Structures are given as C-alpha cells and as structure tokens.
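# Tertiary structure, described
Chain by chain, the residues run as shown.
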Amino acid sequence: MENWREIRRSLHEFALRLPEAYEDHPWGDTVVKVNKKIFLFLGVDEPTERWGPTVGVKLPESNGHALAVEGARPSGYGLGRSGWVTIPLTGRPPETEVLLDWVEESYRAVAPKKLVALLDAADEPPAAG
C-alpha cells in the first residue's frame, strides 16, 4: 500500500500542474490555490499528536462519495457546509486516482471559468505523479 507521503506528494504535484495553480502557506499549512482561492488543503508537512495527514477538497458532485471514506468528515470552520471534505491519508485512503479526480473537481469548483475552459481544451489532462 502507498504511504501517505507518496499520496500527498502525488496530489501536490498534480494540483500544481493545473492552470495557474500555485502553492501557499497560510496558517503554516500547505495549500494550493488558483485565483487567490484555495482548492486543495494539504495540511501540515509532518503529523503531530493533534494533526494527522489529511487533504481537504471542495466536492460539489462527489461529496457523498468522499464522506463515505473511513475517517472522512465535513471540513471544519464551516467549510463542510460548502461541500468541503477532509479525507485522512492514513488507514485505508481511497486510491490515488480517485483522490486526483477529487483534486481536479475541487479545482473546477473554485477556478474561474476561463481556466476551467483551458483545462477542458487541453489535449490530455495533467499526468499523475
């Protein structure tokens, strides 16, 4: 089974290949943004007693599927009401390909329409790690 660091790295690299995506570090966490809006929370680089390895994505279509993952929960700070889901990368996380699909869905949910159109116009989607 893949370890959480490999999964996290794959998601991070994939997200940064999406049109105009960039990394930021608000609150000491690693996030990936487009147009100043977060579409992927990668959390802390190393787990602590309080924080385990997770990812957070906005899933307007796959929300129910993601919440069915063991340990997944609506994201805190009221984000869950807007479709954000926090998914643990330990235990039995979904297949990396499913997580990559969710990262792209989250990007599409937050990116400006012109950037989503660029993504749609690409000959092929960004390759996974």
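Located above this text is the structure these notes cover.
Residues numbered from 1 in each chain as written. Predicted model: local features only at pLDDT ≥ 70, side-chain atom pairs only at ≥ 80, totals over all residues. Heavy atoms only, no water.

## So, the packing of helix α1 (residues 4–16) against helix α3 (residues 96–110)
Quick note on the threshold: Axis definition: a line fitted to C-alpha atoms, limited for helices to the stretch in contact. Angles are taken between N-to-C directions and run from 0 to 180 degrees. Each helix is a run of H or I in the DSSP string that is no shorter than four residues. Each strand is a run of E no shorter than two, and both are numbered from the N terminus. When the near helix sits turned anticlockwise from the far one by under a right angle, the crossing is termed left-handed; a clockwise turn instead gives a right-handed crossing. When checking whether two residues touch, look at their non-hydrogen atoms; a contact exists if any pair is within 4.5 Å. Under the scheme applied, nonpolar residues are Ala, Val, Leu, Ile, Met, Phe, Trp, Tyr, Cys and Pro; charged residues are Asp, Glu, Lys and Arg; polar residues are all the others, including Gly.
For the pair α1 and α3, interaxial distance at closest approach is 10 Å and the crossing angle is 35 degrees. Of the two elements, α1 crosses α3, and the hand of that crossing is right-handed. Packed against α1, whose contacting residues are Ile7, Ser10, Leu11, Phe14 and Ala15, the element α3 presents Thr96, Leu99, Leu100, Val103 and Glu104 at the interface. Broken down by class, the residue content of the contact of α1 with α3 amounts to 7 nonpolar, 2 polar and 1 charged.

## Side note on the layout of surface pockets
Applicable threshold: With a 1 Å grid laid over protein atoms only, a set of points is called a cavity when a 1.4 Å probe fits there but cannot get out and a pocket when it is open yet has protein on both sides within 12 Å along at least five of seven lines; lining residues have an atom within 4 Å of a point. Grid points are joined across faces, edges and corners, and a volume is the space filled by probe spheres set on the points.
Here the largest pocket defines a volume of roughly 580 Å³. As for the largest pocket, its lining consists of 20 residues, and the residues nearest its centre are Asp29, Phe41, Trp51, Tyr77 and Thr86. Contributions of two or more residues to the lining of the largest pocket are made by β3 (37–43), β4 (54–58) and β5 (73–74). Broken down by class, the residue content of the lining of the largest pocket amounts to 10 nonpolar, 7 polar and 3 charged.

## Looking at the sheet that holds β4
Rules: Strand pairing follows a simple DSSP-based rule, namely that at least 2 bridges must link the two strands.
With antiparallel pairing, 6 strands are arranged side by side in an open sheet as β1-β2-β3-β4-β6-β5. Each edge of the open sheet is held by one strand with a lone partner, namely β1 (21–24) and β5. By the bridge criterion, 5 bridges tie β4 to strand β6 (residues 84–88) in an arrangement that is antiparallel. Counterpart to Gly56 in the pairing with β6 is Thr86. The strands touched by α1 are β1, β2 (30–34), β3 and β4; relative to β3, the strand with the most contacts, the crossing angle is about 160 degrees.

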